[in-house]
Amino acid sequence: MYRHAPRLLTRVIGGGVRRSATARAFSTDLPAAPSEDAAFVEAWRKVAPNIDPPKTPLAFMKPRPPTPSSIPSKLTINFVLPYQSEISNKEVDMVIVPATTGQMGVLPGHVATIAELKPGLLSVHEGSEVTKYFVSSGFAFVHGNSVTDIVAVEAVPVDRIDLSLVQKGLADFTQKLNSATTDLEKAEAQIGVDVHSALNAALSG
Amino acid sequence: MASMAAAVPFWRAAGMTYITYSNICASLVRGCLKEPYRSEAAAREKVHFAVSKWANGKPEKSSIRSDSHAE
């Protein structure tokens, strides 16, 4: 394995240098995704010229649209829950999502990202108005063309949360955490503490 | 070739899957809602299932049915 190390290292570095030279801080100028693989079709025709090349799933899907060459001025967001669509194709200025790596602000032209969400506040900023939701967990997908899809299992506007229930839950789970024995009990109690402290912070922040 | 694995979240280390974690978070949030929203949310958590054990190619008589919320 170590015999190949220099070759692998230079390959990684070479690949890295090439990639970073074309790296885009903002995702612009990506062409539309092709609906068929030209290399495959060519190779097929060489081998079996009389048979039509088979269609791949990509031929039946809508291809990824080309990213505009200049950064759009607004972000289009879709916010969906399993039982309803909260926000659909709304143009906003910024959205702050509670990613596991911290509160992440998404502006138009943001690099394409997939972020796992932790329990926390999601705020949608449009002009001077801010709409806040508390999200239990989910994912946020930022696409190259400044469309952001946020999916959550449960999300509520913050004014629907009952502070007394939150504080009671926090006290309960902190106590369960101290008295937990098995790994699973500890994990469940820890989840309870995390969710309730996030709820608490959302209400008081 | 990265030999460093991403830090495993505590719930995964305890043997829980992401779906279980996500569902627990969601039900905890639902439990902290104010009144009319709370009962609407409780309806969302209802799970209907029927379980039956099979023996010799036939289902045994006693099958468990649930029309209420199961966690």
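Everything below is about the structure printed above this text.
Not measured: the values here are computed from a predicted model.

Chemist: Would you mind showing me how to read the interface of chain B and chain A here?
Modeler: Frequently, the measure chosen for interface size is the accessible area that the parts lose on association. Counting residues at the interface gives 22 residues for chain B and 30 residues for chain A. Between chain B and chain A lies a buried interface of about 2300 Å² when both sides are counted; carbon and sulfur atoms form 73% of it. Sorting the residues of chain B by area buried against chain A places B:L28, B:V29 and B:C32 first, and these three jointly supply 24% of that buried surface. Here chain B and chain A share one salt bridge between them. A:E154 is paired through a salt bridge with B:R30; the nearest N and O atoms lie 2.5 Å apart. Along the contact surface separating chain B from chain A lie five residue pairs in polar contact (both at pLDDT 80 or more). Elements with a minimum of two residues in the side of chain B that touches chain A: α1 (10–13), α2 (18–30) and α3 (35–44) of chain B. The class makeup of the residues in the side of chain B that touches chain A is 15 nonpolar, three polar and four charged.

Chemist: Whenever I open this one, the packing of aromatic side chains confuses me. Can you help?
Modeler: Each aromatic ring pair is summarised here by two numbers: the centre-to-centre distance and the angle between the ring planes. Across all of its chains, the model carries seven aromatic pairs over all chains by this definition. Centre to centre, the rings of A:F40 and A:W44 are 6.1 Å apart; their planes meet at 45 degrees, and the pair counts as tilted. Separated by four residues within a single helix, A:F40 and A:W44 lie in helix α2 (residues 38–47), roughly one turn from each other. Ring geometry for A:F139 and B:Y18: centres 5.4 Å apart, planes at 50 degrees, overall tilted. A residue pair is termed interchain when its members come from two chains, as with A:F139 in strand β8 (residues 138–142) and B:Y18 in helix α2. Three or more aromatic residues joined by ring pairs form one cluster here, namely A:F139, A:F141, B:W11, B:Y18 and B:Y21. Cation over ring: A:K176 sits above A:F173, and NZ or CZ is 4.5 Å from the ring centre.

Chemist: Help me understand the side chain of A:T148, please; the structure alone is not making it clear to me.
Modeler: Residue position: A:T148 is located in strand β9 (residues 147–152). Not counting chain neighbours up to four residues away, the residues in contact with A:T148 comprise A:L75, A:T76, A:I77, A:N78, A:V106, A:F141 and A:V142.

Chemist: Sorry, what's going on with the pattern of salt bridges here?
Modeler: Between side chains of opposite charge, pairing is possible as soon as their charged atoms come close. If you walk through the whole model with that rule in mind, you get four salt bridges over all chains. Here the residues in one salt-bridge network are A:K74, A:D93 and A:E126, joined through shared partners.

Calculation notes
Residues numbered from 1 in each chain as written. Chains lettered and ligands numbered in written order. Predicted model: local features only at pLDDT ≥ 70, side-chain atom pairs only at ≥ 80, totals over all residues. Heavy atoms only, no water. Contact = heavy atoms within 4.5 Å. Buried area = accessible area lost by both parts, 1.4 Å probe. Salt bridge = Lys/Arg side-chain N within 4 Å of Asp/Glu carboxyl O. Polar contact = N/O pair within 3.5 Å; in protein donor to acceptor, adjacent residues only side chain to side chain. Helix = DSSP H or I, 4+ residues; strand = E, 2+ residues; numbered from the N terminus. Nonpolar A, V, L, I, M, F, W, Y, C, P; charged D, E, K, R; others polar. Phe/Tyr/Trp six-rings, centres within 6.5 Å; stacked < 30°, edge-to-face > 60°. Lys NZ or Arg CZ within 6 Å of the ring centre and 35° of its normal.

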